[in-house]
Amino acid sequence: MQQLRIGMIGYKFMGKAHSNAYRSLPMFFPQAVKPEMSVICGRNEEAVKQAAQQLGWLSSSTDWKELVAREDIDLIDINAPSDAHKEIAIMAAQAGKHIFCEKPLALSLKDAREMLDAAEEAGVKHMVGFNYRFSPAVRLAKRLIDSGRLGKIYHFRAWFLQDWIMNPDFPLVWRLQKDVAGSGSHGDLGAHLIDLAHFLVGGMDEVIGMSETFIKERPLAAEMTGLSAKGNTASDAPRGKVTVDDATLFLARFENGALGSFEATRFAAGHRSTNAFEINGSLGSVKFDFERMNELEVYFSSDDEDVQGFRRVLATDPAHDYAEAWWPPGHTIGFEHTFIHEVLELSSAIAEGRQPEPSFHDGVRCQAVLEAVERSIGERRWVKISEM
């Protein structure tokens, strides 16, 4: 395969991130299959035409069903709101198209399983967009765990903290509506933490959680773009009910005996996007914060007592995953690079005839934990993942 012809559905926050990844991939990873940015699709004809011009797509469309049926498209990229994922993915699979779908995979575990079944039955390649796996520092943490340098893992604690909806007059965007988003901070932010836990530590056995919606009603949104929106903030303006969680916390017991704690919230003042974890093992620990994404803090208990402590490792050397394709050591990379690495894995897997990772299997596994936590909150008890 010399070229991967792409049809992308969605063109806002994630649409820009994916477009930049497709455009940048050949420059920095020339060995990869070259993406052809064939068609970008959205509901608003004028806006999607403008997006095509701005982001570098050859053409635009307002009919995703027509796009999926086209014979000159190899891959369907889905970054539309979550309620659209299932229908598009299943139709794409039935049309024999490979699929790249943003997280969370679906509104429910049932829907996620149906998407996986359709893709597997069709024999197409499928990938879910957990981009934080592709930070070089996170890959270093995994290498230290898998090689045994941290010993037996005892603890995984993670937190994803934001503050972008703390203003009670922030409009009721689609991410705050359960029928469109599936859940709030839990599925949007917590899903990333769950996937990182699966990637680094392994599967979970049981969970127990709690959640809260702090602002129950908000002004209706007149305009939405990414994580920003406009609405009428007058006291008598029409308002709508928030139907998702603003914050969710849960505890977990892993299959390997490790203990986990997870916190996802959009009400942590001063935290723009603190996506962080700490892992403690019998021989050492690691700490990561995506706001300092090029760094991994590492501690080894075997160090001499007089120099023991966390050390800062800058994951920009050729010894670190992906780093050799970028800049000289010490010249850091950013958020957008995780998507380029993600697309590298996707295109390489398709060319090699293997499933990319993370696949829809990982999306289903994440969805099972999300729903187990929700069941735990509703029933006020520990819930086994096997129940799901």
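Heads up: the structure comes first, above all this text.
Residues numbered from 1 in each chain as written. Predicted model: local features only at pLDDT ≥ 70, side-chain atom pairs only at ≥ 80, totals over all residues. Heavy atoms only, no water.

(A) Examining the packing of helix 4 (residues 85-94) against helix 5 (residues 109-122) more closely. Close contact between helix 4 and helix 5 brings their axes to 8 Å; oriented N to C, the two are set at 10°. Taken together, helix 4 and helix 5 sit at an angle that is classed as roughly parallel. Contact residues: helix 4 offers H85, K86, A89, I90 and A93, while helix 5 offers D111, E114, M115, A118, A119 and A122. Counted by class, the contact of helix 4 with helix 5 contains 7 nonpolar, 1 polar and 3 charged residues. (Axes fitted to C-alpha atoms, helices over the stretch in contact; angles between N-to-C directions. Helix = DSSP H or I, 4+ residues; strand = E, 2+ residues; numbered from the N terminus. Parallel < 35°, antiparallel > 145°, perpendicular 65-115°, else oblique. Contact = heavy atoms within 4.5 Å. Nonpolar A, V, L, I, M, F, W, Y, C, P; charged D, E, K, R; others polar.)

(B) Examining unusual backbone geometry more closely. The residue after K103, namely P104, is reached through a cis peptide bond having omega -15°. Structurally, P104 is set in the loop between strand 5 (98-102) and helix 5. Cis geometry is found at the peptide bond from E357 to P358, where omega equals 5°. When you line up the elements, P358 lands in the loop between helix 9 (335-352) and helix 10 (360-379). With a phi angle near 70°, Y322 is a residue other than glycine that sits in the positive phi range. Relative to the elements of secondary structure, Y322 occurs in the loop between strand 18 (311-314) and helix 9. Y322 sits in the buried class, given a relative accessible area of 17%. Not every positive phi belongs to a glycine, and R380 is a case in point at roughly 55°. Examined against the element boundaries, R380 turns out to sit in the loop between helix 10 and strand 19 (383-384). (Buried < 20%, exposed > 50% of the residue type's maximum accessible area, 1.4 Å probe, protein only.)

(C) A look at the sheet that holds strand 1 (residues 3-9). Spatially, 3-2-1-4-5-6 is the arrangement adopted by the 6 strands of the open sheet, whose pairing is parallel. Edge positions in the sheet fall to strand 3 (59-61) and strand 6 (126-129), since each of these pairs with one other strand and no more. Geometrically, the sheet is characterised by an average inter-axis angle of 25° between neighbouring strands, direction not taken into account. Strand direction decides the pairing type here: strand 5 and strand 6, joined by 4 bridges, are parallel. When the bridges of strand 6 are listed, C101 appears paired with V128. (Pairing = 2+ DSSP bridges.)

(D) Structural view of the side chain of T248. Take T248: it is sitting in strand 13 (residues 247-254). Side-chain polar atoms of T248 contact the side chain of D245, separated by 2.8 Å. (Polar contact = N/O pair within 3.5 Å; in protein donor to acceptor, adjacent residues only side chain to side chain.)

(E) A look at the environment of F134. Looking at where F134 falls in the secondary structure, it is placed in the loop between strand 6 and helix 6 (136-146). Judged by relative accessible area, which is 1%, F134 ranks as buried.

(F) Just the pattern of salt bridges, in detail. If you walk through the whole model with that rule in mind, you get 30 salt bridges. Of the charged contacts in the structure, one is a salt bridge between R70 and D72, with a shortest N-O distance of 2.8 Å. Here D72 falls in the partly exposed class, since its relative accessible area comes to 33%. A salt bridge links D321 to R143; its shortest N-O distance comes to 3.0 Å. Within this pair, whereas D321 is found in the loop between strand 18 and helix 9, its partner R143 is found in helix 6, the two being separated by 178 residues in sequence. Relative accessible area serves as the criterion here: at 28%, D321 is assigned to the partly exposed category. Salt bridges sharing partners connect three or more residues here, namely K86, K110, D111 and E114. (Salt bridge = Lys/Arg side-chain N within 4 Å of Asp/Glu carboxyl O.)

(G) Region of the structure containing empty space enclosed by the protein. In this structure the tally under the stated criterion is 2 cavities of 30 Å³ or more. Computed from the structure, the largest cavity encloses a volume of approximately 70 Å³. In terms of lining residues, the largest cavity is bounded by P104, A106, L107, K178, A181, G182, S183, G187, Q367, L370, E371 and E374. At the level of elements, helix 7 (178-181) and helix 10 are the ones that each hand at least two residues to the lining of the largest cavity. At 4 residues, helix 10 tops the list of elements feeding residues into the lining of the largest cavity. Of the residues assigned to the lining of the largest cavity, the class counts are 5 nonpolar, 4 polar and 3 charged. If you trace the second largest cavity, you find it lined by P136, N294, A315, T316, A323, W326, W327, H331 and I333. Broken down by class, the residue content of the lining of the second largest cavity amounts to 6 nonpolar, 3 polar and no charged. (1 Å grid on protein atoms, 1.4 Å probe; cavity = no way out; pocket = protein on both sides within 12 Å on 5 of 7 lines; lining within 4 Å. Points joined across faces, edges and corners; volume = space filled by probe spheres on them.)

(H) Just the packing of aromatic side chains, in detail. Under the counting rule described, the total for this entry stands at 21 aromatic pairs. On the numbers, 4.7 Å between centres and 85° between planes, the contact of Y132 with F290 is edge-to-face. Taken together, the positions of Y132 in the loop between strand 6 and helix 6 and F290 in the loop between strand 16 (284-289) and strand 17 (295-300) put the pair 158 residues apart, joining distant regions of the chain. By relative accessible area, which is 8% here, Y132 ends up buried. Its relative accessible area of 11% is what places F290 among the buried residues. Here a set of aromatic residues connected by ring pairs shows up, and it is made of F13, Y132, F156, F160, F250, F254, F262, F277, F288, F290, F335 and F339. The aromatic ring of F199 is capped on one face by K142, whose charged end is 4.7 Å from the ring centroid. Between the NZ or CZ atom of K287 and the centre of the ring of F310, over which it lies, the distance is 4.2 Å. (Phe/Tyr/Trp six-rings, centres within 6.5 Å; stacked < 30°, edge-to-face > 60°. Lys NZ or Arg CZ within 6 Å of the ring centre and 35° of its normal.)

Worth remembering: the numbers are spatial, not functional.
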